[in-house]
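Residues per chain, in single letters:
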Amino acid sequence: MSSTFSLAPKPYIRDSNGKLLPRKSMLTTIRAEVITAPKQRSMRVFPELSIQGIPVADLHVQEIVQRQSKTFNMANEGTSQKSQFDPSFLEEAYERCRNICAEYAKTFYLGTLLMTEERQKAIWAIYVWCRRTDELVDGPNSGHMSSEVLDRWEERLEDIFEGRPYDMLDAALTHTVLNFPIDIKPFRDMIEGMRMDTRKCRYQNFQELYLYCYYVAGTVGLMSVPVMGIAPDSLISTQSTYDAALYLGIGNQLTNILRDVGEDAARGRVYLPQDELAQFGLCDKDVFSRKVSDQWREFMKEQITRARHYFNLAEEGASQLEKDSRWPVWSSLLIYRNILDAIEENDYDNLTKRAYVGKAKKLLMLPLAYTKSHPLISQ
């Protein structure tokens, strides 16, 4: 996929019947330049970490569950909007999303193939939007990043939810949010995580880091639950399922951080709790020196234990989704756990080495993930 895309006004047109149709350029290209429209906005501050002792991330989850439940009820009452897209246009839009997911998230993509066609397409559309959002900050053109770019991206998100997509990939997400009870809030929260990345590269404690992980990764699970669906015979509450989705995102992001310590250090970033580094006699200087000491190994053991804890918390919810949606979730969970194993196998050297799970090992995870997602098979 192209990692840059225009943030200019929306070039969509309507036919005589009012249907939204793409211009020719929308069918063939994703514009390469990033166009911004500077606006005067108040400076955002780092989000408050807790309110009356409750972590802000947990409050976000509660709000999102309420909002998406309300959307679900409205859809059941017949008040949902109808798609105005030409079927052939939509087919190509989702095909592009499928190709991107298949190229950049191969194992996860394989897991989606067991889902219903409607759910497959929706998950691909969500994945593509998240990837594009992440690449604003971490992609090849991230050097052009500014607060105005993210402001425009958020405005473009609002247009997606209001049925006014700019390009074909946006249109796939517009169609998805018309078909599923998905609220805009987790998408906005992910953009807030990108803002955090542009102004903050140190985290004083895990409470701060946890909030960051919620914004950039926990939100993905909250977007996806309405698409994947909760099993009618679920043994846990809807809130608990959403909590589990959040915990999977937290575990995944903590694992990303531990895997990428060396690469982040090369960019002057340290996504590790400063107070916990200090407890082991470490500081940023030790990270930048790339020296794997005994103190570093002990520190990493604690960090890996924490990441595994969040994966353990996620398991219960992964098994309460609709049956045809569980496999990709379990695949992601098991493969990310294997990244933690790989760090250990590298003798905790994530300063000069990048832990990874080879293709063969990933493929071997798929049968195990399938068994986990269909527990009766193992009985």
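Here the structure is a predicted model, which means the values were calculated and not measured.

(A) Broad picture of the overall build of the chain. Helix and strand content of the chain: 16 helices and four strands. Looking at the chain as a whole, 53% of its 379 residues are labelled buried. Sequence-distant contacts in the chain: of pairs separated by 6 or more residues, those separated by 24 or more amount to 77%. In the form shown here, the chain has an accessible surface area of approximately 17300 Å², with 50% of it arising from carbon and sulfur atoms.

(B) Up close: the nonpolar core. By size, the foremost hydrophobic cluster in this structure holds 89 residues, and its most contacted members are Trp 129, Phe 187, Tyr 214, Leu 272 and Trp 296. Considering each element in turn, this core owes the most residues, 15 residues, to helix H9 (residues 206-228). Not counting the four nearest positions on each side in its chain, Leu 272 is found in contact with Tyr 203, Ile 257, Leu 258, Val 261, Leu 277, Val 287, Trp 296 and Phe 299. Formed by 18 residues, the second largest nonpolar core is a distinct cluster that contains Leu 90, Ala 93, Tyr 94 and Met 168.

(C) Layout of the packing of helix H10 (residues 238-259) against helix H15 (residues 326-345). Interaxial distance between H10 and H15 falls to 10 Å at its minimum, and their mutual angle equals 30 degrees. Relative to H15, the element H10 is oriented roughly parallel. Read as a crossing pair, H10 and H15 show a hand that is left-handed. In contact with Leu 248, Asn 252, Thr 255, Asn 256, Leu 258 and Arg 259 of H10, H15 contributes Val 329, Ser 332, Leu 333, Tyr 336, Ile 339, Leu 340 and Ile 343. Across the contact of H10 with H15, the residue classes break down as eight nonpolar, four polar and one charged.

(D) Quick look at the state of the cysteines. Taken as a whole, this structure holds zero disulfides when the rule is applied. Free cysteine: Cys 97, not disulfide-bonded; nearest cysteine sulfur from Cys 101 at 9.0 Å.

(E) Representation of the packing of aromatic side chains in the model. Inspection of the entire model under this criterion finds 16 aromatic pairs. Considering the side-chain rings of Phe 161 and Phe 187, the 5.3 Å spacing of their centres and the 70 degrees angle between planes classify their relative orientation as edge-to-face. Of this pair, Phe 161 sits in helix H6 (residues 147-161) while Phe 187 sits in helix H8 (residues 185-199), and the two are 26 residues apart along the sequence. Neither residue differs from the other here; Phe 161 and Phe 187 are each classed as buried. Aromatic side chains Trp 327 and Tyr 370 sit 5.5 Å apart centroid to centroid with 85 degrees between the ring planes, which places their arrangement in the edge-to-face category. Here Trp 327 is found in helix H15, whereas its partner Tyr 370 is found in helix H16 (residues 359-373), with 43 residues between them in sequence. The exposure class assigned to Tyr 370 is partly exposed, which follows from its relative accessible area of 32%. Among the aromatic side chains, those forming a connected cluster through ring pairs are Trp 129, Trp 153, Phe 161 and Phe 187.

(F) Spatial organisation of empty space enclosed by the protein. In the structure shown here, the tally under the stated rule is four cavities of 30 Å³ or more. In this structure, the second largest cavity spans a volume of roughly 50 Å³. Elements represented by at least two residues in the lining of the second largest cavity include exactly H10 and helix H14 (294-318). Of the residues that constitute the lining of the second largest cavity, the class distribution is seven nonpolar, one polar and one charged.

(G) Molecular detail of the UniProt feature "transmembrane region" (unreviewed entry) in the chain. Those residues carrying the UniProt feature "transmembrane region" (unreviewed entry) are residues 209-231 in this numbering. With 87% helix and 0% strand, the stretch residues 209-231 has end C-alpha atoms that lie 32 Å from each other.

(H) Local environment of the environment of Arg 156. Along the chain, Arg 156 falls in helix H6. Taking relative accessible area as the criterion, Arg 156 reaches 3% and is therefore assigned buried. A polar atom in the side chain of Arg 156 sits 3.0 Å from the side chain of Asp 167.

(I) Spotlight on the environment of Phe 299. By the secondary structure assignment, Phe 299 is in helix H14. By relative accessible area, Phe 299 is classed as buried at 0%. Linking Phe 299 and Tyr 348, residues 49 residues apart in sequence, is a C-alpha distance of 9.4 Å. Setting aside residues up to four positions removed in sequence, Phe 299 forms contacts with Leu 272, Glu 276, Leu 277, Phe 280 and Leu 282.

(J) Seen up close, unusual backbone geometry. The phi torsion at Arg 290 lies on the positive side, around 65 degrees, for a residue other than glycine. Considering the arrangement of structural elements, one finds Arg 290 in the loop between helix H13 (284-289) and H14. Notably, Asp 347 is not glycine yet its phi reads approximately 60 degrees, a positive angle.

(K) Structural detail: H10. The terminal C-alpha atoms of H10 lie 32 Å apart, and with 22 residues this matches the ideal 32 Å at 1.5 Å per residue to within 8%. Counting buried residues along H10, 17 of its 22 residues qualify, which places the element largely inside the surrounding structure.

(L) Geometry of the side chain of Arg 259. Its place among the elements puts Arg 259 in helix H10. For Arg 259, a relative accessible area of 15% translates into the label buried. In this structure Arg 259 touches Ile 339, Ile 343, Asn 350, Lys 353, Arg 354 and Ala 355, once residues within four positions along its chain are discounted.

Quick notes on the rules
- Residues numbered from 1 in each chain as written.
- Predicted model: local features only at pLDDT ≥ 70, side-chain atom pairs only at ≥ 80, totals over all residues.
- Heavy atoms only, no water.
- Helix = DSSP H or I, 4+ residues; strand = E, 2+ residues; numbered from the N terminus.
- Buried < 20%, exposed > 50% of the residue type's maximum accessible area, 1.4 Å probe, protein only.
- Contact = heavy atoms within 4.5 Å.
- Areas by Shrake-Rupley, 256 points an atom, 1.4 Å probe, with all protein chains shown as cover.
- Core = buried A, V, L, I, M, F, W, Y, C linked by side-chain atoms within 4.5 Å.
- Axes fitted to C-alpha atoms, helices over the stretch in contact; angles between N-to-C directions.
- Parallel < 35°, antiparallel > 145°, perpendicular 65-115°, else oblique.
- Left-handed = near helix turned anticlockwise from the far one by under 90°.
- Nonpolar A, V, L, I, M, F, W, Y, C, P; charged D, E, K, R; others polar.
- Disulfide = S-S within 2.5 Å.
- Phe/Tyr/Trp six-rings, centres within 6.5 Å; stacked < 30°, edge-to-face > 60°.
- 1 Å grid on protein atoms, 1.4 Å probe; cavity = no way out; pocket = protein on both sides within 12 Å on 5 of 7 lines; lining within 4 Å.
- Points joined across faces, edges and corners; volume = space filled by probe spheres on them.
- UniProt positions renumbered as here; feature names shortened; annotations may be inferred.
- Polar contact = N/O pair within 3.5 Å; in protein donor to acceptor, adjacent residues only side chain to side chain.
- Expected span 1.5 Å × (residues − 1).

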